[in-house]
Amino acid sequence: MSVYLDNAATTFPKPDPVYGAVEHALREIGVGPGRGGYKRSLAASRLVFEAREILASFFGITDSSRLVFTHSATEGLNIAVNGLLKPGDHVVTTTMEHNSLVRPLYAAKNRGVQITWVTADRNGSIDPAAIYAALRPETKLIALSHCSNVTGTIQPIASIGDTARKAGVFFLVDAAQSAGYLPINVIDQKIDLLAVPGHKGLLGPQGTGLLYIAEHVELSPFLLGGTGTSSSDTAQPETMPEKFESGTLNTPGIAGLKAGVEFILKTGIDNIRQKEMKLVSLLLDGLKQLPRVKTFAADNAESRGGAVSFTVEGIDPATIGFHLDADFDISVRVGLHCAPMAHKTIGTYPHGTVRVSPGFFNTDKDIAFLLDALHSIIH
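Residues numbered from 1 in each chain as written. Predicted model: local features only at pLDDT ≥ 70, side-chain atom pairs only at ≥ 80, totals over all residues. Heavy atoms only, no water.

A. Just the overall build of the protein, in detail. For the protein, the count of helices and strands is 11 helices and 13 strands. The C-alpha radius of gyration of the protein comes to 21 Å, within 12% of the 21 Å expected for a compact globule of 379 residues. Projected onto its principal axes, the C-alpha coordinates of the protein cover approximately 70 × 55 × 30 Å. In the protein, which comprises 379 residues, the share counted as buried stands at 58%. Considering only contacts in the protein between residues 6 or more positions apart, those separated by 24 or more positions represent 69%. Split by element, the accessible area of the protein, about 15800 Å² in all, is 53% carbon and sulfur. Between the centroid of the 33 positive side chains of the protein and the centroid of its 37 negative side chains there is a distance of 2 Å. (Helix = DSSP H or I, 4+ residues; strand = E, 2+ residues; numbered from the N terminus. Rg over C-alpha atoms; globule rule 2.2 N^0.38 Å. Buried < 20%, exposed > 50% of the residue type's maximum accessible area, 1.4 Å probe, protein only. Contact = heavy atoms within 4.5 Å. Areas by Shrake-Rupley, 256 points an atom, 1.4 Å probe, with all protein chains shown as cover. Lys, Arg positive; Asp, Glu negative; His and termini not counted. Charge placed at Lys NZ, Arg CZ, Asp CG, Glu CD.)

B. Structural context of the side chain of Asp89. Inspection of the secondary structure puts Asp89 in the loop between helix H3 (73-84) and strand S3 (90-94). For Asp89, a relative accessible area of 13% puts it in the buried group. A distance of 2.7 Å separates a polar atom in the side chain of Asp89 from the backbone nitrogen of Lys86. Setting aside residues no more than four positions away along its own chain, Asp89 makes contact with Leu84, Val113, Gln114, Glu138 and Lys140. (Polar contact = N/O pair within 3.5 Å; in protein donor to acceptor, adjacent residues only side chain to side chain.)

C. The sheet that holds strand S4 (residues 114-118), seen in detail. What the seven strands build is an open sheet, ordered S2-S8-S7-S6-S5-S3-S4; its pairing is mixed. At either margin of the open sheet sits one strand with a lone partner, and together these are strand S2 (67-70) and S4. Strand after strand, the sheet turns through a mean of 15° between neighbouring axes, direction not considered. Strand direction decides the pairing type here: S2 and strand S8 (residues 209-213), joined by four bridges, are antiparallel. Paired with Phe69 across the two strands is Leu210, which belongs to S8. (Pairing = 2+ DSSP bridges. Axes fitted to C-alpha atoms, helices over the stretch in contact; angles between N-to-C directions.)

D. Fine view of the pairing of strand S13 (residues 353-356). Going residue by residue along S13, you find Thr353 and Arg355 tucked away on one face and Val354 and Val356 tucked away on the opposite face as well. Bridge count between strand S10 (residues 308-312) and S13: three bridges; the pairing is antiparallel. Pairing of Ser309 across the sheet is with Arg355, part of S13. Direction of pairing for strand S12 (residues 333-335) relative to S13: antiparallel, over a ladder of three bridges.

E. Up close: the packing of aromatic side chains. With the rule as written, the count across this model stands at six aromatic pairs. Geometrically, the ring pair formed by Phe58 and Phe59 is edge-to-face, given 5.1 Å between the ring centres and 90° between the ring planes. Considered together, Phe58 and Phe59 belong to a single accessibility category, that of buried residues. Here the aromatic rings of Phe263 and Phe361 are separated by 5.9 Å at their centres, their planes lie at 35°, and the arrangement is tilted. (Phe/Tyr/Trp six-rings, centres within 6.5 Å; stacked < 30°, edge-to-face > 60°.)

Structure, rendered in structure tokens:
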């Protein structure tokens, strides 16, 4: 019995239509969008346009041209941070962030950007009042993750978005662990910049993602080059989304991403969320029955996403992960999960934790099998 429980990193398996869409784009279209007036290129452009439209609708984006395709949420966060912040600007963020945001912010700090790190509690929760208290006259951006990749804690982004809008500050949300699991509406939640991976909750292939850029946000492009438009100009086009989409797009990946979102719409995001909550609750209940185990997750099920971290007194997380893989063919993540500051916040640095993240295609039996395996390892 092989069990995959690392869906916070990449969801697997994908819905069958995702595989079919990727193969169709490779075999039947085979070329890039916007790179020719012949039928195949036009078919590629139509596919990308349809994907952009469905994704825009999924996130409440009224103008799909404001949705830029990227190869990852990491790229989107880099575009946002590097394109927006100037020396002297101030950013408010949190101690629960992934390195995909931490490292661009650290580089911005070296360019003269000031950063305030709001400390989360031991379960990874952020108090919106602490975000508000950290604002300054020179604050330009509030940037944080919607859901922690370490503890699974969901942050109150609607409340924080209200704070940002009232203060006249831009709001950047890293939706790596929430997109596809939790409803996100950029208008209702007052999100100015939204970075999303395609290969996690949206059930698409690796190498896909998107960045939403609100109309009132002016960013400098991160990458310059061919866009298939304005070819006679030496300057980068100002039109959206071409301004941020230099180079040939990953059309097969975008086709798979479109199919993944269509699967979510057909299945119902509420149904996906309910199954995630059920599996996580089963997992936490079982872990609490095991000796010497300490879990790290929000107390309230509604405030928990799909990732659960735990440690076992006297056993290195890496040892547990090794035995789960080698002896039981169970895949989990161990270590710092690219979020060392989060582990310092919850007290698990430097060894980190064992992270378990069920996905939509996991079952109750998978969780029971994991718990039995852990019982054998711990005893």
